[in-house]
Amino acid sequence: MGFEKFGTVSFTSESKASDFVNYLEQGKVMTTRCKKCGQGFFPPRMDCPKCLTSDVEWFEIKGTGKLVTRAVVNYGPSGFENDAPYTLAIGDFGELRVFGRLSKSLKEGEIRAGMSLNIVPTKSPDGRVAYEFQKV
Ligand SMILES: [Zn+2]
């Protein structure tokens, strides 16, 4: 069980960070933090590039974030052609910044830098899991 169920494109099924997908299936957006230096990572990493340690812990990204910036994707890359148009965004959740999609339920006129966002796990009808930013 791993990344083959993530998003719309099949990722390699073997990954040290595949628990990310298992947590999404449980309804949690989780990522990792280095236990030595405290650095948080998104997407999750199992090795800290600063300490060169694999001593990391999982934690849930919770609470309200702020929209930093976003871009509308009108022509999706390979595997995402049928999803376009969609909006990619960076959300600031304090300890770390998270990259993801804005919910399609958000109307163009209501999207503002600095607006409050939640990060929410999603599941498509074919059982694929992902996450998106939703308006608070
Ligand atoms: Zn570290």
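Look up a bit, the structure's there.
I will try to describe carefully the structure that is included in this document. (Residues numbered from 1 in each chain as written. Predicted model: local features only at pLDDT ≥ 70, side-chain atom pairs only at ≥ 80, totals over all residues.)

## Quick notes on the sheet that holds strand β2 (residues 40-41)
With antiparallel pairing, the three strands of this open sheet are ordered in space as β2-β1-β3. Every other strand in the sheet has two partners, leaving β2 and β3 (56-60) as the edge strands with one partner each. Looking at chain direction, strand β1 (residues 30-34) and β3 are connected through five bridges and run antiparallel. If you follow T32 over to β3, its bridge partner there is W58. (Pairing = 2+ DSSP bridges. Helix = DSSP H or I, 4+ residues; strand = E, 2+ residues; numbered from the N terminus.)

## Let's talk about the sheet that holds strand β6 (residues 97-102)
The five strands lie next to each other as β4-β5-β6-β8-β7, forming a closed barrel whose pairing is mixed. The mean inter-strand angle of the sheet, taken between neighbouring strand axes irrespective of direction, is 45 degrees. Taken together, the five bridges between strand β5 (residues 86-92) and β6 define a ladder with antiparallel strand orientation. Looking across to β6, one finds that G91 is bridged to V98. (Axes fitted to C-alpha atoms, helices over the stretch in contact; angles between N-to-C directions.)

## Observations concerning unusual backbone geometry
With an omega of -5 degrees, the peptide bond between F42 and P43 qualifies as cis. Its location among the elements puts P43 in the loop between β2 and β3. Positive phi, normally seen in glycine, also occurs at L52, with a value near 60 degrees. Tracing the sequence through the fold places L52 in the loop between β2 and β3.

## Re the nonpolar core
Buried together is how nonpolar side chains tend to be arranged in soluble globular proteins. Judged by nonpolar contacts, the single largest core of 16 residues is most densely connected at L24, V29, I61, V98, I119 and F133. Only α1 (19-25), β6, β7 (116-123) and β8 (129-135) provide two or more residues apiece to this core. If you tally residues by element for this core, the top one is α1, at three residues. Excluding its chain neighbours within four sequence positions, the residues that come into contact with I119 are V29, I61, G65, G91, V98, G100, Y131 and F133. (Core = buried A, V, L, I, M, F, W, Y, C linked by C-beta atoms within 7 Å. Buried ≥ 20, exposed ≤ 12 C-beta atoms within 10 Å, placed from the backbone. Contact = placed C-beta atoms within 7 Å.)

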